Amino acid sequence: MGNSPLDDAPDIARATEPPPAITLADARNWPGFVLLIIGGLVAIVAAVIGAVGFPGAAFIFALIALAASLTGIALVLVERRGHPRHPRAPERSAR
């Protein structure tokens, strides 16, 4: 038994990964998420413009939506890989 919880629940105090909401709450990811939202909205606009009958303009909007979405994905991935999730204090040398 030892240190295990009584109800076999996961021990969140010793979790190695943060809960899913932490990623969204981290302000460093917001620019990437904003670009993803913009890319989605521009894709909807491109679909509407294409349905109305302007294929050239729809193609341009689709390219903009693709660029915004790919940039947003890249920003989120760079932020997730570039910074440690739990920054540690620098180790002190024993003297």
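Residues numbered from 1 in each chain as written. Predicted model: local features only at pLDDT ≥ 70, side-chain atom pairs only at ≥ 80, totals over all residues. Heavy atoms only, no water.

**A short note on the overall build of the protein**
Spelled out, the test is: Here a helix means four or more residues in a row that DSSP labels H or I, a strand means two or more in a row labelled E, and each is numbered from the N terminus. Each residue's exposure class comes from its accessible area (1.4 Å probe, protein chains only) as a fraction of the maximum for that residue type: buried when under 20%, exposed when over 50%, partly exposed otherwise. Residue contacts are defined here by distance: any two heavy atoms, one from each residue, within 4.5 Å place the two residues in contact. Surface accessibility follows the Shrake-Rupley procedure with a 1.4 Å probe radius. Residue values consider only the protein chains on display as shielding.
Across its full length, the protein holds three helices and zero strands. If you list the helices and strands of the protein from N to C, you get α-α-α. For the protein, the proportion of its 95 residues judged to be buried stands at 14%. When contacts within the protein are restricted to residue pairs at least 6 apart in sequence, those whose partners lie at least 24 apart make up 61%. Looking at the protein as shown, the accessible area adds up to about 7900 Å², and 69% of this sits on carbon and sulfur atoms.

**Some remarks on the environment of tryptophan 30**
With respect to the helices and strands, tryptophan 30 occurs in helix H2 (residues 30-52). Judged by relative accessible area, which is 48%, tryptophan 30 ranks as partly exposed. Separated by 46 residues in sequence, tryptophan 30 and valine 76 have C-alpha atoms that sit 8.2 Å apart.

**Quick look at the confidence of the model for the protein**
To be explicit about the condition: pLDDT is a per-residue confidence score from the predictor, ranging from 0 to 100.
This prediction gives the protein a mean pLDDT of 80; 59% of its residues lie at or above 70. Mean pLDDT across the elements of the protein bottoms out in helix H1 (residues 20-25) (64) and peaks in H2 (96).

**Some remarks on helix H3 (residues 55-82)**
Because an α-helix completes one turn every 3.6 residues, residues spaced three or four positions apart along the sequence face the same direction. So the rule is basically this: Multiplying 1.5 Å by the helix residue count minus one yields the expected span of that helix.
Here H3 spans 40 Å end to end across 28 residues, near enough to the 40 Å set by a 1.5 Å rise per residue. For H3, every residue scored as buried is listed here: Ala58, Ala65, Ala68, Ser69, Gly72 and Val76. Contacts from the buried residues of H3 go to H2.

**With respect to H2**
The end-to-end C-alpha distance of H2, which contains 23 residues, comes to 33 Å, matching closely the 33 Å that a straight helix rising 1.5 Å per residue would cover. On its buried face, H2 is in contact with H3. Immediately beyond the C-terminal end of H2, within one or two residues, lies glycine 53, with a positive phi of roughly 125°.

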